[in-house]
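# Observations on the model geometry
The primary structure of each chain is shown beneath.
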Amino acid sequence: RVSLGVGFVVECSTVILGLLIGLAAGLRGGKLDTALMRLTDGLFAFPDILLAILIIGVAGPGPLPVILALTAVGWPGMARLVRGQTLSLRQSPFIRATVASGAPLSHMIIRHLLPNLAGVVLASATVDLASVMLPDSGYIQETEVAFLNRRNARRGRRSVEPIYTAHDAHVSLD
């Protein structure tokens, strides 16, 4: 249950951050697009696990650092997806007509871009949710077991052993 909650929080924050950065890069273009996409490329080039370990190492144990680490690793993909779709939609006749009619940018984003981005973003977020929950489930279970062992030690009770952790999973390709 904890992993599901953390996964939803991570995916929501990944979608929001990716939408904001992708829309800004796709709509404005120019130097802003270049700068945001170079930042995204830099995060793609950096190994995900090292970035997550760095964030959790600096912030300490607990669900919040895990959420921050998984969000930091996840948003570049969403931003890249949203930017690509935004660049494609910008060339559409209905977007050109909206711009030609003098409608404000907020109107174009809310009435035209977001509804057309929703399907792609939701499909991507649904697929990403499973990949977010998998590493989180092992970490959260180990953290909960460590917490229970500390609590039981203070109360004079025996320690708790985990039933299953992510480290116990082995795959045989025989």
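Predicted model only: the values in this text are computed from it and were never measured. (Residues numbered from 1 in each chain as written. Predicted model: local features only at pLDDT ≥ 70, side-chain atom pairs only at ≥ 80, totals over all residues. Heavy atoms only, no water.)

## Looking at the side chain of T40
- Summarising the element assignment, T40 is placed in helix α2 (residues 30-45).
- Of the residues examined, T40 reaches a relative accessible area of 0% and is grouped as buried.
- Excluding anything up to four places from it in sequence, T40 contacts W75, P76 and R80. (Helix = DSSP H or I, 4+ residues; strand = E, 2+ residues; numbered from the N terminus. Buried < 20%, exposed > 50% of the residue type's maximum accessible area, 1.4 Å probe, protein only. Contact = heavy atoms within 4.5 Å.)

## Focus: the pattern of salt bridges
- Tallied over the entire structure, the rule returns three salt bridges.
- With a shortest N-O distance of 2.6 Å, D33 and R83 are connected by a salt bridge. Of this pair, D33 sits in helix α2 while R83 sits in helix α4 (residues 63-90), placing them 50 residues apart in sequence.
- Shared partners join several salt bridges into a network, and the residues in it are R38, D41 and R80. (Salt bridge = Lys/Arg side-chain N within 4 Å of Asp/Glu carboxyl O.)

## Focus on α4
- In this model α4 runs 39 Å from its N-terminal to its C-terminal C-alpha over 28 residues, within 8% of the 40 Å that 1.5 Å per residue would give.
- When the local axis directions of α4 are compared, the greatest deviation, roughly 35°, occurs at G74, which is followed within four positions by the proline P76. (Expected span 1.5 Å × (residues − 1). Bend = angle between axes of the 7 residues up to and from the residue.)

## Overview of a nonpolar patch on the surface
- Taken together, the side chains of F46, I49, L50 and I53 define a hydrophobic patch exposed on the protein surface, amounting to about 390 Å² of accessible area.
- Mapped onto the elements of the fold, L50 is located in helix α3 (residues 48-59). (Patch = residues over 30% accessible without salt bridge, like charges linked within 9 Å, V, L, I, M, F, W, Y side chains within 5 Å. Areas by Shrake-Rupley, 256 points an atom, 1.4 Å probe, with all protein chains shown as cover.)

## Some words on the nonpolar core
- Among the nonpolar cores identified, the biggest contains 14 residues, and L19, L23, V82, L113, L117 and V121 are the most heavily contacted of them.
- When contributions to this core are tallied by element, the ones reaching two or more residues are α1 (2-28), α4 and α6 (105-155).
- Here the element with the most residues in this core is α6; it accounts for six residues.
- Sequence-distant contacts of L23, that is, excluding residues within four places in its chain, are made with G18, R28, V82, T86, I109, L113, L114 and L117. (Core = buried A, V, L, I, M, F, W, Y, C linked by side-chain atoms within 4.5 Å.)

## Thoughts on the environment of M37
- Relative to the assigned elements, M37 resides in helix α2.
- A sequence separation of 15 residues divides M37 from G22, and the C-alpha atoms of the two residues are 8.8 Å apart.
- Not counting chain neighbours up to four residues away, the residues in contact with M37 comprise A25, R80 and R83.

## A short note on the confidence of the model for the protein chain
- Averaged over all residues, the pLDDT of the protein chain equals 81, while 75% of them reach at least 70.
- Across the protein chain, the secondary-structure element scoring lowest on mean pLDDT is α6, at 74, and the one scoring highest is α2, at 93.
- Long-range and interchain partners of residues 162-174, a stretch whose pLDDT sits below 50, account for nine contacts in this model, where long-range means more than four residues apart. (pLDDT = per-residue confidence, 0-100.)

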